Each structure stands twice: as structure tokens, then as C-alpha cells.
Amino acid sequence: VQLQASGGGLVQAGGSLKLSCTPSGLTFSSHLMAWFRQAPGKEREFAAAINRGGGSTSYAGAVKGRFTISRDNAKNSVYLQMDNLKPEDTAVYYCAVGREYYTLPLTDVRRYTYWGQGTQVTVSS
């Protein structure tokens, strides 16, 4: 299984970016998908998740109302639209393949079995 993430870059505060992730080697529509992020010196943290059908989403409090996760099962892709970016959003963003039904919460990294290589997002003030 490989996950190719793209769309990161440098943007000014208040700007927008859209991340994309296209997993291969699995049945995309059968899996929960999520985005996590990791800032320098900090642990990896949950940003957003979307269920298999795309009808249910979940967000971390820090990004709710500014980020939107979506997926296109026909294109085997998951997206993260990030608006009104803040300097504290600066991090490496990772897409992850998870298990739809599991005892661990969506925010727990152990729920996710495959990870992308990460894409850098830098927000300048």
C-alpha cells in the first residue's frame, strides 16, 4: 500500500491550500481516511477524518470551521481544504488509512494502518 500526498506549500496567514492523497494497493472505498499533522518538536495530532462513504466527518477543535475533509471514491482520493490558515497550522500533514469500526477513537494514531510520506505546510505571519 502506498499513499501519495501532495498540495503542501508556503502560504501567508489567512490564505488557503488544498491537500490531496491518493492511496494505491487497497480498496479505497472500504476504508476510513484521515489527516494528521505534526509540528516540529510535537507529537502527531489528529486533524480530520471521513468515513468510507463520505457522509460523516470529524474535526479537531483547532481546525473546525476552517478545514474541510472530503473524498472521491471514484478517483481513490481524499482531500483536505484548508482555509483561513494560521501560523500555528504549520506542520507536516499526513494522510492515513484507518479502520471504520474499531474500539480506539478517531484521534488515536493506532487506529490507522497505513500512512503517507507527509507534505509540508508552512504558514507565514
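Above this text you will find the structure in question.
Residues numbered from 1 in each chain as written. Predicted model: local features only at pLDDT ≥ 70, side-chain atom pairs only at ≥ 80, totals over all residues. Heavy atoms only, no water.

A. Here's a closer look at the state of the cysteines. Evaluation of the coordinates by the stated rule reveals 1 disulfide. Disulfide pairing is shown between Cys21 and Cys95; the S-S distance is 2.0 Å. Disulfide Cys21-Cys95: the torsion about the S-S bond is 50 degrees, which places it as right-handed. A residue pair is termed long-range when its members are at least 10 positions apart, and Cys21 in strand β3 (residues 17-24) and Cys95 in strand β9 (residues 91-98) qualify at 74 residues. (Disulfide = S-S within 2.5 Å. Helix = DSSP H or I, 4+ residues; strand = E, 2+ residues; numbered from the N terminus.)

B. Spotlight on the pattern of salt bridges. All told, the structure shown has 5 salt bridges when counted by the stated rule. Residues Arg37 and Asp89 are paired through a salt bridge, measuring 2.9 Å at the closest nitrogen-oxygen approach. A residue pair is termed long-range when its members are at least 10 positions apart, and Arg37 in strand β4 (residues 32-38) and Asp89 in the loop between β8 (77-82) and β9 qualify at 52 residues. A relative accessible area of 1% means that Asp89 is categorised as buried. Linking Asp89 and Arg66 is a salt bridge whose minimum nitrogen-to-oxygen distance equals 2.7 Å. Of this pair, Asp89 sits in the loop between β8 and β9 while Arg66 sits in the loop between β6 (57-59) and β7 (67-72), and the two are 23 residues apart along the sequence. Each of Arg37, Glu45, Arg66 and Asp89 takes part in a single network of salt bridges with overlapping partners. (Salt bridge = Lys/Arg side-chain N within 4 Å of Asp/Glu carboxyl O. Buried < 20%, exposed > 50% of the residue type's maximum accessible area, 1.4 Å probe, protein only.)

C. The side chain of Ser77, seen in detail. Tracing the chain through its elements places Ser77 in strand β8. Looking at Ser77, its side chain comes within polar contact range of the side chain of Thr22, at 3.1 Å. Polar side-chain contacts of Ser77 include one of 3.0 Å to the backbone oxygen of Lys75. Ignoring any residue separated from it by four or fewer positions in sequence, one finds Ser77 in contact with Cys21, Thr22, Phe28, Ser70, Arg71 and Asp72. (Polar contact = N/O pair within 3.5 Å; in protein donor to acceptor, adjacent residues only side chain to side chain. Contact = heavy atoms within 4.5 Å.)

D. Summary view of the nonpolar core. The biggest cluster of nonpolar side chains holds 35 residues, and the ones touching the most others in it are Trp35, Val78, Leu80, Met82, Tyr93 and Tyr112. Contributing elements (two or more residues each) for this core: β1 (2-6), β3, β4, β5 (45-50), β7, β8, β9 and β11 (119-124). The contacts of Met82, once residues within four sequence positions are left out, are Gly15, Ser16, Leu17, Leu19, Arg66, Phe67, Tyr93 and Val121. (Core = buried A, V, L, I, M, F, W, Y, C linked by side-chain atoms within 4.5 Å.)

E. Expanded view of the packing of aromatic side chains. A full pass over the atoms with the stated rule returns 4 aromatic pairs. Ring centres of Phe36 and Phe46 lie 5.6 Å apart, and the angle between their planes is 80 degrees; this geometry places the pair in the edge-to-face category. Placement of the pair is Phe36 in strand β4 and Phe46 in strand β5, with a sequence separation of 10 residues. On the accessibility criterion, Phe46 (8% relative accessible area) is buried. The interplanar angle of 75 degrees and the centroid separation of 5.1 Å between the aromatic rings of Phe36 and Tyr112 together place this pair among those described as edge-to-face. Highlighted residues: Phe36 in strand β4 and Tyr112 in strand β10 (residues 112-115), separated in sequence by 76 residues. Of the aromatic side chains, those joined through ring pairs into one cluster are Phe36, Phe46, Tyr112 and Trp115. Over the face of the ring belonging to Trp115 we find Arg44, whose NZ or CZ atom lies 4.8 Å from the ring centre. The ring centre of Tyr102 lies 4.1 Å from the NZ or CZ of Arg99, which sits over that ring. (Phe/Tyr/Trp six-rings, centres within 6.5 Å; stacked < 30°, edge-to-face > 60°. Lys NZ or Arg CZ within 6 Å of the ring centre and 35° of its normal.)

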